[in-house]
Amino acid sequence: RVLFLSTMATPTTPVDTTERAQQQAEFKATCDKYVNKGLQRNPTIQFLLKKMVDMNCKPPPGFIRCMDCGDKQAGGGFGMIEETILTNKKATASVAAETNADAQRRSALPQCQRSFSDLQDQLKAQEDGTSELKLVPEIFLCQQHVRSESHAHESIVHELIHAVDMCRTTMDPLNNCVHLACTEIRAENLSGECAMFKEVTSGRIQHFAKHGQQCVKRRAALSVKANPNCRDRAHEFVDAAFERCYNDTYPFDRHPNLQ
């Protein structure tokens, strides 16, 4: 699927295999601890999960996972692209074998380790009629890039907004760029990732008036660009969806920062 990126991360220094495995085990243990605390103690996470159950979209076991994202510079994401190869009676045996091999290679990678070009290839295969794509809901955190417990919880809230949107609508973020822009706008706005103090400390505030809207637009456009279908016109799609989706606080009665 398109990765709904919650945070960008700084590049890491290469390490040997044994040392890397030890590091990842430590990262995972810390990340899992943050996730469990969020499930047990964070009222916003608990509220969103209960809302999904109330909407008949009960999350399956392992819905929220900490994963090794390899070299992918992301904090986390939502959804896994399930690729089904379609029978092409006109294709030669060699072409069919190559198509199957490409799909199997992509499927063998965790979603968080798939590249932008992998997604391009999947979308091209769907367009050519050689495969069918389905977005399977799941949430992952890139364990090596989770900075703190609060960062983990904000990322989970961000991704849960996507999950709620998929549950309540026929959202198609793979193929409809306005749908993607809308859910990214809502996730950025409602997760707390654009809180004023964060923008101030990061030096990104140019004007205090409407700083939240500026932050949401900037971050949403970065996520929309992760979809090859939407990359070239990401800002247009965000602008088109912004007014309606920025003011949509569902499932909250009002913006959670104002509760």
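Described below are features of the structure shown in this document. (Residues numbered from 1 in each chain as written. Predicted model: local features only at pLDDT ≥ 70, side-chain atom pairs only at ≥ 80, totals over all residues. Heavy atoms only, no water.)

Interaxial distance between helix H2 (residues 43–54) and helix H5 (residues 149–168) falls to 10 Å at its minimum, and their mutual angle equals 20°. What the angle tells us is that H2 and H5 run roughly parallel. Here H2 and H5 pass one another in a crossing that is left-handed. Every residue of H5 that contacts H2 at Thr-44, Ile-45, Leu-48, Leu-49 and Met-52 is listed here: His-153, Ile-156, Val-157, Leu-160, Ile-161, Ala-163 and Val-164. Looking at the contact of H2 with H5, its residues break down into ten nonpolar, two polar and no charged. (Axes fitted to C-alpha atoms, helices over the stretch in contact; angles between N-to-C directions. Helix = DSSP H or I, 4+ residues; strand = E, 2+ residues; numbered from the N terminus. Parallel < 35°, antiparallel > 145°, perpendicular 65-115°, else oblique. Left-handed = near helix turned anticlockwise from the far one by under 90°. Contact = heavy atoms within 4.5 Å. Nonpolar A, V, L, I, M, F, W, Y, C, P; charged D, E, K, R; others polar.)

All told, the structure shown has two aromatic pairs when counted by the stated rule. Judged by centre distance (4.9 Å) and plane angle (20°), the ring pair of Phe-242 and Tyr-246 falls under stacked. Pair noted here: Phe-242 and Tyr-246 are both in helix H9 (residues 234–246), with a separation of four residues, about one helical turn. As far as burial versus exposure is concerned, Phe-242 and Tyr-246 are alike and both buried. Here the basic side chain of Lys-217 rests over the ring of Phe-242, its NZ or CZ set 4.9 Å away from the ring centre. For the cation-ring pair, Arg-231 lies above Phe-116, with the distance from its terminal atom to the ring centre recorded as 4.4 Å. (Phe/Tyr/Trp six-rings, centres within 6.5 Å; stacked < 30°, edge-to-face > 60°. Buried < 20%, exposed > 50% of the residue type's maximum accessible area, 1.4 Å probe, protein only. Lys NZ or Arg CZ within 6 Å of the ring centre and 35° of its normal.)

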